[in-house]
Amino acid sequence: MLVAEPWDFESPEGRGRLRGQVSKIQDFAPEGGQEVMLASAPLSLGGATITSLRALGLHPTQENLIRRLESGRTTGVRLYGPGAAAPLLVGSIRRLGA
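In what follows, the accompanying structure is described. All values derive from a computational prediction rather than experimental measurement. (Residues numbered from 1 in each chain as written. Predicted model: local features only at pLDDT ≥ 70, side-chain atom pairs only at ≥ 80, totals over all residues. Heavy atoms only, no water.)

### What to know about the nonpolar core
Logical step 1: Membership of the largest hydrophobic core comes to 18 residues, with the highest contact counts inside it found for Phe9, Leu18, Val36, Leu38, Leu79 and Leu89.
Logical step 2: Looking at this core, the elements that each hand over two or more residues are strand S5 (34–45), strand S6 (48–57), helix H1 (65–70), strand S7 (75–80) and strand S8 (89–93).
Logical step 3: The element that contributes the greatest number of residues to this core is S5, accounting for four residues.
Logical step 4: Among residues more than four places away in sequence, those in contact with Val36 are Val22, Lys24, Leu53, Arg54, Ala55, Leu65, Ile66 and Leu69. (Core = buried A, V, L, I, M, F, W, Y, C linked by side-chain atoms within 4.5 Å. Buried < 20%, exposed > 50% of the residue type's maximum accessible area, 1.4 Å probe, protein only. Helix = DSSP H or I, 4+ residues; strand = E, 2+ residues; numbered from the N terminus. Contact = heavy atoms within 4.5 Å.)

### Regarding the pattern of salt bridges
Logical step 1: For the structure shown, the criterion picks out two salt bridges.
Logical step 2: For Arg19, the salt bridge is made with Glu13, and the minimal N-O distance between the two is 3.4 Å.
Logical step 3: Residue Arg19 is classed as partly exposed on the basis of its relative accessible area of 48%.
Logical step 4: Residue class for Glu13 comes out partly exposed when judged on its relative accessible area of 38%.
Logical step 5: Among the salt bridges present, the one from Arg54 reaches Glu35, with a minimum N-O distance of 3.2 Å. A residue pair is termed long-range when its members are at least 10 positions apart, and Arg54 in strand S6 and Glu35 in strand S5 qualify at 19 residues. (Salt bridge = Lys/Arg side-chain N within 4 Å of Asp/Glu carboxyl O.)

Next up, the structure:
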């Protein structure tokens, strides 16, 4: 993942970068959108240590998030911590491996 906001985001992967592994996929079709749960190395955000994030498409009208990731395309996402009502991070996500 490349993190655009906050601009000064740091992780073990480097500035503005975060690597995670998909742990769960939910498709709330037909109109509910998609959600991808990601497990990551521990990172500190807002004084809390986080090891999982929820990724939702940045724009509601965007093509299916799951299909975009499966095809290897980059897509904009909002990243939420567990139970968070507001996004912690905004950026883009891309599948790295098969």
